[in-house]
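Reading the structure
Each chain, written out:
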Amino acid sequence: MKTIILNGSPKGNVENCGSYILARAFANGMSTPCEVFSIAKENRESLMEAIRNADNVIVITPNYIHSIPAGTLDFLYALPPSKGNQTIGFIIQAGYPESSESAIICRYLERFAKRLGYTVLGAIAKGECAGLAIVPERFKKLQNDFSEFGALFEQTGRFDESFISKFAKPVCLTKFQTRMLNASVPISNYLGWNKILKTNNCYEKRFDMPYLEKN
Ligand SMILES: Cc1cc2nc3c(=O)[nH]c(=O)nc-3n(C[C@H](O)[C@H](O)[C@H](O)COP(=O)(O)O)c2cc1C
């Protein structure tokens, strides 16, 4: 059985790409070689060919603006219909902690792939991944989980239910958790984001709204 992974991040297959890190971890769990292709950086026709030649297609993509990157969506719209015996699965990894952030796009992708005749493995949402590409060493546990998830997929041909629900937590934050998170914003701005903005000489421009229409 040939499995391929499509990385849906516009960053491509590079070390500072969360989708690539998770794709690689998933593939590392498998004993048969599983190639990771970049939707953004590779030739579309050869990617379509790779899909046509695969039994299983796994799409690992980030959540951008409550959906997935436009180029990735555009690519998926051109997906060839299934040959009849192909499976497809989607993994959406997002910055915000709540997996409900990706619920709509997950439902959409599942229905879309079903209409193309694929057997759908599922569409999984995983939140709290913003740091993955910045400090991957702090996400070793998640990477190990993805390797195990990949290994189980290879053995069973399915997405393991216990991992699906584990990745989905928390679906929604409680009111208390939301209050705590809001309270921590000034601290994380001070310690993290503002430092990054200053390093990149754009701290003064942090409230700019270049696309706002002027009256
Ligand atoms: C342009 C942009 C838009 C984003 N929008 C969202 C969003 O709406 N919800 C969310 O949870 N995370 C959002 N994120 C965070 C990414 O999903 C998160 O950082 C992810 O791990 C990036 O994956 P990548 O390195 O594979 O691109 C956004 C990130 C970027 C760069």
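Per an unreviewed UniProt entry, the chain carries the name NADPH-dependent FMN reductase and comes from Kineothrix alysoides.

The final tally for this structure, using the stated rule, is eleven aromatic pairs. Ring centres 5.8 Å apart and planes at 80 degrees place the aromatic pair phenylalanine 26 and phenylalanine 149 in the edge-to-face group. On the criterion of sequence distance, the pair formed by phenylalanine 26 in helix H1 (residues 18–28) and phenylalanine 149 in helix H5 (residues 140–156) is long-range, its members being 123 residues apart. Owing to a relative accessible area of 0%, phenylalanine 149 belongs among the buried residues under this scheme. Members of the aromatic cluster, each reached through a chain of ring pairs, are Phe26, Phe146, Phe149, Phe153, Phe159, Phe163 and Phe167. In this arrangement the basic side chain of lysine 198 is found over the ring face of tyrosine 203, its NZ or CZ atom lying 4.5 Å from the centre. Between arginine 206 and the ring centre of tyrosine 203, over which it is positioned, the NZ or CZ distance is 3.9 Å.

Let us look at a nonpolar patch on the surface. Together, Ile134, Trp193 and Ile196 make up an exposed nonpolar region whose accessible area comes to about 330 Å². With respect to the secondary-structure elements, isoleucine 196 resides in helix H7 (residues 175–199).

Below, the discussion takes up the pattern of salt bridges. Summed over all chains, the structure comprises six salt bridges. In this structure, glutamate 15 engages arginine 24 in a salt bridge whose closest nitrogen and oxygen atoms are separated by 2.9 Å. With its nearest N and O atoms 3.4 Å apart, the salt bridge here joins glutamate 49 to arginine 52. Placement of both glutamate 49 and arginine 52 in helix H2 (residues 44–52) is noted, with a separation of three residues, approximately one turn of the helix. Overall, arginine 52 belongs to the partly exposed group, its relative accessible area being 32%. Each of Glu45, Glu49 and Arg52 takes part in one network of salt bridges that share partners.

Turning our eyes to something else, we now look at the site of the ligand. Every one of the 18 residues lining the ligand counts as a neighbour, but Lys11, Gly18, Ser19, Asn63 and Gln93 are closest to it. In this structure, an oxygen atom belonging to the ligand sits 2.8 Å away from a side-chain N or O atom of serine 9. A distance of 2.8 Å is found between a nitrogen atom of the ligand and a backbone nitrogen or oxygen belonging to isoleucine 65. Within the complex, 77% of the 640 Å² of free accessible area of the ligand lies under protein. At a threshold of 2 Å from the grid points, most atoms of the ligand map onto the largest pocket. Within the shell around the ligand, the residues separate by chemical class into eight nonpolar, eight polar and two charged.

Below, the discussion takes up the state of the cysteines. Applying the stated criterion across every chain yields a total of zero disulfides. Lacking any disulfide linkage, cysteine 17 is separated from the closest cysteine sulfur, that of cysteine 129, by 11 Å. On the accessibility criterion, cysteine 17 (0% relative accessible area) is buried.

About the cut-offs
- Residues numbered from 1 in each chain as written.
- Predicted model: local features only at pLDDT ≥ 70, side-chain atom pairs only at ≥ 80, totals over all residues.
- Heavy atoms only, no water.
- Phe/Tyr/Trp six-rings, centres within 6.5 Å; stacked < 30°, edge-to-face > 60°.
- Helix = DSSP H or I, 4+ residues; strand = E, 2+ residues; numbered from the N terminus.
- Buried < 20%, exposed > 50% of the residue type's maximum accessible area, 1.4 Å probe, protein only.
- Lys NZ or Arg CZ within 6 Å of the ring centre and 35° of its normal.
- Patch = residues over 30% accessible without salt bridge, like charges linked within 9 Å, V, L, I, M, F, W, Y side chains within 5 Å.
- Areas by Shrake-Rupley, 256 points an atom, 1.4 Å probe, with all protein chains shown as cover.
- Salt bridge = Lys/Arg side-chain N within 4 Å of Asp/Glu carboxyl O.
- Near = heavy atom within 4 Å.
- Polar contact = N/O pair within 3.5 Å; in protein donor to acceptor, adjacent residues only side chain to side chain.
- 1 Å grid on protein atoms, 1.4 Å probe; cavity = no way out; pocket = protein on both sides within 12 Å on 5 of 7 lines; lining within 4 Å.
- Sits in = over half its atoms within 2 Å of the grid points.
- Nonpolar A, V, L, I, M, F, W, Y, C, P; charged D, E, K, R; others polar.
- Disulfide = S-S within 2.5 Å.

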